[in-house]
Amino acid sequence: MAPEIPERYTTTGARMSLARRFGLPYDPVSQDWEWEVADPSRFEEYLEAYVSGTLDEDERFSLMEMLIQCVENLNLRPVESSPQWHSVASLLLAQAGLHASSIRSWSCLDDRDLEDCFRVSEPMRAIWQVIRQADAQPRDTTDHG
C-alpha cells in the first residue's frame, strides 16, 4: 500500500508574495485567502505565473489553490471539458508530489455523494487515482549505468 499523503498548507510568505505580484488584497487573518481572491477572469495570468519558473514551491502551492478555485468558480459542467481544467490537471499530474494534499482535499474522498462536493471533485478523483496507482507501482532500483 502506498504511504499516506502528508498535509501541506499555504504559507504567509507565499500569500504575501502572490498578493504583491498580482495586486491582490491581503488580510493576514484570512483563513481561505487563495479561495477568496481567486478570480476566473485572471486565470490565464495566474497560469502564466505558475509555469514561468519564477515561483518557489510555496508560491506554486498557493497559486495552484487559486487556479483550482478559479475552475470551480467558472461553474462549468462538465468541468473536464474546459481548457482551464485541462491546464490545471496537467500541472497537477506533472507536480503531483507538490500538490498531492490539494488533490486529495479537492477530491472529497470522504464524501460518497459527489452532489455534496465541489464541481472539480469528480475529475480530481480521477487524478487522485492516477497518482495513487503511480505511487503503488514498484520502482526499478537497479543501476542501469
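Scroll up to find the structure.
Everything numeric in this text was worked out from a predicted model, so none of it was measured.

Trainee: Explain the packing of aromatic side chains residue by residue, including any values.
Mentor: Describing an aromatic ring pair means giving the distance of the ring centres and the angle of the ring planes. All chains considered together, the criterion is met by 4 aromatic pairs. Here the aromatic rings of phenylalanine 22 and tyrosine 46 are separated by 4.9 Å at their centres, their planes lie at 75°, and the arrangement is edge-to-face. Here phenylalanine 22, found in helix α1 (residues 12–22), pairs with tyrosine 46, found in helix α3 (residues 43–51); they are 24 residues apart in sequence, far enough to count as distant. Residue classification places phenylalanine 22 among the buried positions, given a relative accessible area of 6%.

Trainee: I'd like to hear about the pattern of salt bridges, residue by residue, with values.
Mentor: The final tally for this structure, using the stated rule, is 6 salt bridges. Between arginine 8 and glutamate 57 there is a salt bridge, with its nearest N and O atoms 3.5 Å apart. Here arginine 8 is found in the segment before α1, whereas its partner glutamate 57 is found in helix α4 (residues 57–74), with 49 residues between them in sequence. According to the relative accessible area criterion, arginine 8 is partly exposed, its value standing at 25%.

Trainee: Would you mind going over helix α6 (residues 96–107) in detail, with residue names and values included?
Mentor: For α6, with 12 residues, the first-to-last C-alpha span of 14 Å runs short of the 16 Å given by 1.5 Å per residue. α6 sits mainly inside the fold: 9 of its 12 residues count as buried. Where α6 is buried, its residues meet α2 (33–37), α3, α4, α5 (83–94) and α7 (121–136).

Trainee: So what's going on with a negative patch on the surface? Residues and values would help.
Mentor: A contiguous patch of negative charge on the surface is contributed by Asp111, Asp113, Glu115 and Asp116. With respect to the element layout, aspartate 116 can be found in the loop between α6 and α7.

Trainee: Could you give me a rundown of unusual backbone geometry, with the residues and numbers involved?
Mentor: Cis geometry is adopted by the peptide bond preceding proline 78, which originates at arginine 77 and carries an omega value of -5°. In this structure, proline 78 sits in the loop between α4 and α5. If you check the backbone angles, asparagine 75 has positive phi at about 60° while not being a glycine. Residue position: asparagine 75 is located in the loop between α4 and α5.

Here is what the cut-offs are and how they apply
- Residues numbered from 1 in each chain as written.
- Predicted model: local features only at pLDDT ≥ 70, side-chain atom pairs only at ≥ 80, totals over all residues.
- Heavy atoms only, no water.
- Phe/Tyr/Trp six-rings, centres within 6.5 Å; stacked < 30°, edge-to-face > 60°.
- Helix = DSSP H or I, 4+ residues; strand = E, 2+ residues; numbered from the N terminus.
- Buried < 20%, exposed > 50% of the residue type's maximum accessible area, 1.4 Å probe, protein only.
- Salt bridge = Lys/Arg side-chain N within 4 Å of Asp/Glu carboxyl O.
- Expected span 1.5 Å × (residues − 1).
- Contact = heavy atoms within 4.5 Å.
- Patch = residues over 30% accessible without salt bridge, like charges linked within 9 Å, V, L, I, M, F, W, Y side chains within 5 Å.
- Areas by Shrake-Rupley, 256 points an atom, 1.4 Å probe, with all protein chains shown as cover.
- Lys, Arg positive; Asp, Glu negative; His and termini not counted.
- Charge placed at Lys NZ, Arg CZ, Asp CG, Glu CD.

Structural measurements only, silent on function.
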